[in-house]
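# A structural walkthrough
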Amino acid sequence: MSEDALRSVVVAKKTIEANNILSFELVDPDGSELPAFSAGSHIDVTIPGGLVRQYSLCNSEGERQRYVIGVWKDPNSRGGSKLLHNEVKEGDVLQVGLPRNRFRVPRNIKRALLVARGIGVTPVLSIADRLKAQNIPFAFHYLNALGSPGAFQAMIDGSAFAENTTSYLESNGEAIEPKALFADQPEETHLFVCGVDWWLDPLIAAAKKHGWTDERIHVERFTAKASAPLLDKVFEVKIASTGAVYKIPGDKSVSAFLEEKGVKIPTSCEQGLCGTCKVKILEGEAEHRDKRLSDADRAAGYFLACVSRAKGDLLVLDL
């Protein structure tokens, strides 16, 4: 992330939304307007210690005085969510990047179905707000995760889209039934879905089974599947501009190992979700492990250096 894109924000409010889920209201230190964002956007947040993590904006896209993010305290946290929960206080200053959107609402959308589970609700709240403001028909189905019932319920209850929302409590054995959601929907309906992979993937498969095309399915993932195992395949990477060759060990990603050697590839999520570390391969074939690149990106020779590896013994990178 470019230093020029960073700006300071103050934590104006730190609110308990549910067990292990907090929201943070971020404002400009001088009370100025923040850069505009569109529904479904996220921001990079630089956490004390230098970690950079991505969090979706859950407030209305019409608000320019604040950003609101939700943070789940992941038991498998690599440090980001634990630091925000345990260390960051109201009044603290953080660095954030410009809003970016990979979960954008298409123009001229006529009807929508919104589905979310747990912390995956955060970008969907902003999308629901936008659809309601534009009088676009939609239904919003929200499954409260087992360990965090009632998350963001106060925000939903106080919103204009409360009447469009059906909430389910996983702790009571309730679940979202795909057949009831996806059958007999008008062909103009677009699906927006966000959650963890193990819950998302069967849901998306069910939608496709009921005839939903890729163009009508919009997905945001906030966690990746299990990362590459330790002692993975060892291979070499050649930097095209210098000719330098590096042997990538089995327990480190391409981006992490190259950074140790002074070759910086910009990263953010480090889970193959955001696309920040996209690099073109000039020679060799990638073993793709990301959840971000399109088929066209892969066909053009790109891979994400934070998670993907080589099928063969060498990758020549356009660096």
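If you're wondering where the values come from, they're calculated on a predicted model, not measured in any experiment. (Residues numbered from 1 in each chain as written. Predicted model: local features only at pLDDT ≥ 70, side-chain atom pairs only at ≥ 80, totals over all residues. Heavy atoms only, no water.)

### Re unusual backbone geometry
- One non-glycine residue, Asn20, lies in positive phi territory at about 70°.
- Along the chain, the position of Asn20 falls in the loop between strand S1 (7-18) and strand S2 (21-27).
- The backbone of Asn135 sits at a positive phi, close to 60°, despite the residue not being glycine.
- Assignment of secondary structure puts Asn135 in the loop between helix H2 (121-133) and strand S8 (138-144). (Helix = DSSP H or I, 4+ residues; strand = E, 2+ residues; numbered from the N terminus.)

### A word on the nonpolar core
- Leu114, Leu131 and Phe140 are the most contacted members of the largest nonpolar core, which totals 28 residues.
- At the level of secondary structure, the elements contributing two or more residues to this core comprise strand S7 (111-117), H2, S8 and strand S10 (189-195).
- Setting aside its immediate chain neighbours within four residues, Leu114 contacts Val124, Ile127, Ala128, Leu131, Phe138, Ala139, Phe140, His141 and Phe192.
- Counting 23 residues, the second-largest nonpolar core is a separate cluster that includes Val254, Phe257, Val263 and Val307. (Core = buried A, V, L, I, M, F, W, Y, C linked by side-chain atoms within 4.5 Å. Buried < 20%, exposed > 50% of the residue type's maximum accessible area, 1.4 Å probe, protein only. Contact = heavy atoms within 4.5 Å.)

### Side note on the environment of Glu33
- As for its placement among the helices and strands, Glu33 is situated in the loop between S2 and strand S3 (42-46).
- With a relative accessible area of 46%, Glu33 lands in the partly exposed category.
- Taking C-alpha positions, Glu33 is 5.2 Å from Arg64, a pair spaced 31 residues apart along the chain.
- Excluding anything up to four places from it in sequence, Glu33 contacts Arg7, Arg64 and Gln65.

### Topic: the confidence of the model for the protein chain
- For the protein chain, mean pLDDT is 90; residues scoring 70 or higher make up 95% of the total.
- Mean pLDDT across the elements of the protein chain bottoms out in helix H1 (residues 80-86) (89) and peaks in H2 (98).
- Under a pLDDT of 50 for its full length, residues 224-230 has, in the predicted model, 11 contacts with residues more than four places off or in other chains. (pLDDT = per-residue confidence, 0-100.)

### Thoughts on the side chain of Gln54
- With respect to the helices, strands and loops of the structure, Gln54 is situated in strand S4 (residues 52-56).
- One polar contact links Gln54 to Asp44, side chain to side chain, over a distance of 3.2 Å.
- For Gln54, the side chain forms a polar contact with the side chain of Arg102, separated by 3.0 Å.
- The contact partners of Gln54, leaving out residues within four places of it in the chain, are His42, Ile43, Asp44, Arg100, Arg102, Ser268, Cys269, Cys274 and Thr276. (Polar contact = N/O pair within 3.5 Å; in protein donor to acceptor, adjacent residues only side chain to side chain.)

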